[in-house]
Amino acid sequence: EGKVTRIHYVAPEGRSSLEVHRNYQMALRDAGFEIVYECGAGDDEKCGEFADFKIDGVKFNELTYLGKDPYFFFARLPDPEGDIVVSVNTVLRKAKPNSVLQIVEEKPMETGKVEVKIDAEAMANDINEKGSVRIYGIYFDTDESTIKDESESTLDEIANLLEQNPELKLGVVGHTDATGDVDYNMDLSQQRAASVVDFLTSEHGISEDRLTPRGLGPWAPVASNENEDGRAQNRRVELVKIIDQ
């Protein structure tokens with residue numbers, strides 16, 4: 001996340017790749033960078049270990065520049081607003097040192113800019129018309145049932161719905177996508193539904209006899225599980241109106 005720059009430099013003939021390598025290191029150290037990794041010609045074992053490292057499934061040695069007398073180092077400049085990371089790979093090609101610099105100016109992406117809200121009135125309309133409403137604003141970490149803090153505004157609206165409709169009873173139904181073991185997902189969805197009920201009863205004083213948690217795991221998809229967009233739609237909580245017989 002941030003700005004990425006890749007530059008290829010060719011130094012004059014008569015200079016060695018080690019000489020260019022050392023000059024880059026000195027310049028970056030003088031600028032406050034810390035050298036966090038380096039390897040070079042004659043250091044086959046150390047470089048060999050690093051060559052097996054993968055970035056997004058691609059081996060590191062497929063990303064670096066090939067040639068004689070290779071040298072590589074990786075440097076970082078810490079910064080509270082985003083570190084700057086530089087890798088320099090220098091080799092000798094056609095008697096000239098060639099250097100590839102890859103510079104990453106880290107900057108965390110802005111998040112929280114898109115907010116999907118469903119208020120108590122919209123929930124009530126869906127429940128009255130369809131008997132249920134899908135909720136996508138309740139968040140959990142992967143494979144966890146603990147509710148994340150950013151879910152509270154949605155849960156507050158569910159509490160408002162129940163407070164404004166004192167006779168309303170709801171089934172709180174957890175749903176997952178179809179990734180992973182079915183029995184595991186069934187149990188996880190039940191735990192998540194129970195967490196929602198616990199939050200509403202403990203934080204908002206909603207009576208337990210008005211809320212029934214259930215977990216359906218992957219058994220009631222609303223979209224295809226063959227792509228991420230569909231799986232995201234399937235991961236949800238639904239509120240289902242319970243009618244006393």
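Anyway, here's the lowdown on the structure attached to this text. All values derive from a computational prediction rather than experimental measurement. (Residues numbered from 1 in each chain as written. Predicted model: local features only at pLDDT ≥ 70, side-chain atom pairs only at ≥ 80, totals over all residues. Heavy atoms only, no water.)

Attention now goes to the overall build of the protein chain. What the protein chain contains, in helices and strands, is six helices and eleven strands. Sorting the 245 residues of the protein chain into buried and exposed places 35% on the buried side. For the protein chain, contacts bridging at least 24 residues in sequence account for 66% of all contacts bridging at least 6. Summed over its atoms, the accessible surface of the protein chain is roughly 15100 Å², and 48% of this surface lies on carbon and sulfur atoms. (Helix = DSSP H or I, 4+ residues; strand = E, 2+ residues; numbered from the N terminus. Buried < 20%, exposed > 50% of the residue type's maximum accessible area, 1.4 Å probe, protein only. Contact = heavy atoms within 4.5 Å. Areas by Shrake-Rupley, 256 points an atom, 1.4 Å probe, with all protein chains shown as cover.)

Packing of helix α3 (residues 120-130) against helix α4 (residues 152-164) leaves a shortest axis separation of 8 Å and a crossing angle of 60°. Judged by the inter-axis angle, α3 sits oblique to α4. The handedness of the crossing between α3 and α4 comes out as right-handed. Mapping the contact onto sequence places Ala120, Met123, Ala124 and Ile127 in α3 and Thr154, Glu157, Ile158, Asn160, Leu161 and Gln164 in α4. Split into classes, the residues belonging to the contact of α3 with α4 amount to six nonpolar, three polar and one charged. (Axes fitted to C-alpha atoms, helices over the stretch in contact; angles between N-to-C directions. Parallel < 35°, antiparallel > 145°, perpendicular 65-115°, else oblique. Left-handed = near helix turned anticlockwise from the far one by under 90°. Nonpolar A, V, L, I, M, F, W, Y, C, P; charged D, E, K, R; others polar.)

For the rest of this paragraph, the subject is the pattern of salt bridges. All told, the structure shown has 13 salt bridges when counted by the stated rule. Here Glu150 ties to Lys148 by a salt bridge, and the two come within 3.8 Å at their closest N and O atoms. Overall, the relative accessible area of 27% leaves Lys148 in the partly exposed class. Taking the shortest distance from any N to any O, the salt bridge between Arg235 and Glu228 comes out at 2.6 Å. Since its relative accessible area comes to 34%, Arg235 is described here as partly exposed. Given a relative accessible area of 40%, Glu228 falls into the partly exposed group. (Salt bridge = Lys/Arg side-chain N within 4 Å of Asp/Glu carboxyl O.)

Once that is clear, we can look at the sheet that holds strand β5 (residues 68-77). Reading across from one edge, β1-β7-β6-β5-β2 is the order of the five strands in this open sheet, with antiparallel pairing throughout. Only two strands of the sheet have a single partner each, and these edge strands are β1 (2-10) and β2 (34-40). The sheet shows a mean angle of 10° between the axes of neighbouring strands, direction not considered. Each of β1, β2, β5, β6 (84-93) and β7 (96-106) touches helix α1 (residues 17-30); the most contacted strand, β5, lies at about 5° to it. (Pairing = 2+ DSSP bridges.)

Right, let's talk about the nonpolar core for a bit. Counting 26 residues, the largest nonpolar core has Leu161 and Leu239 as the members making the most contacts within it. Taken together, the elements giving at least two residues each to this core come down to α3, β8 (132-135), α4, β9 (170-175), α5 (182-204) and β11 (236-241). Filtering out sequence-adjacent residues up to four positions away, Leu239 remains in contact with Met123, Ile127, Gly131, Ser132, Val133, Ile135, Ile158, Leu161, Leu170, Gly171 and Val172. Membership of the second largest hydrophobic core comes to nine residues, among which are Phe33, Phe73, Ala75 and Leu101. (Core = buried A, V, L, I, M, F, W, Y, C linked by side-chain atoms within 4.5 Å.)

With that settled, consider the environment of Leu101. Note that Leu101 resides in strand β7. Residue class for Leu101 comes out buried when judged on its relative accessible area of 9%. Measuring from C-alpha to C-alpha, the distance between Leu101 and Thr5 comes to 7.9 Å, with 96 residues separating the pair along the chain.

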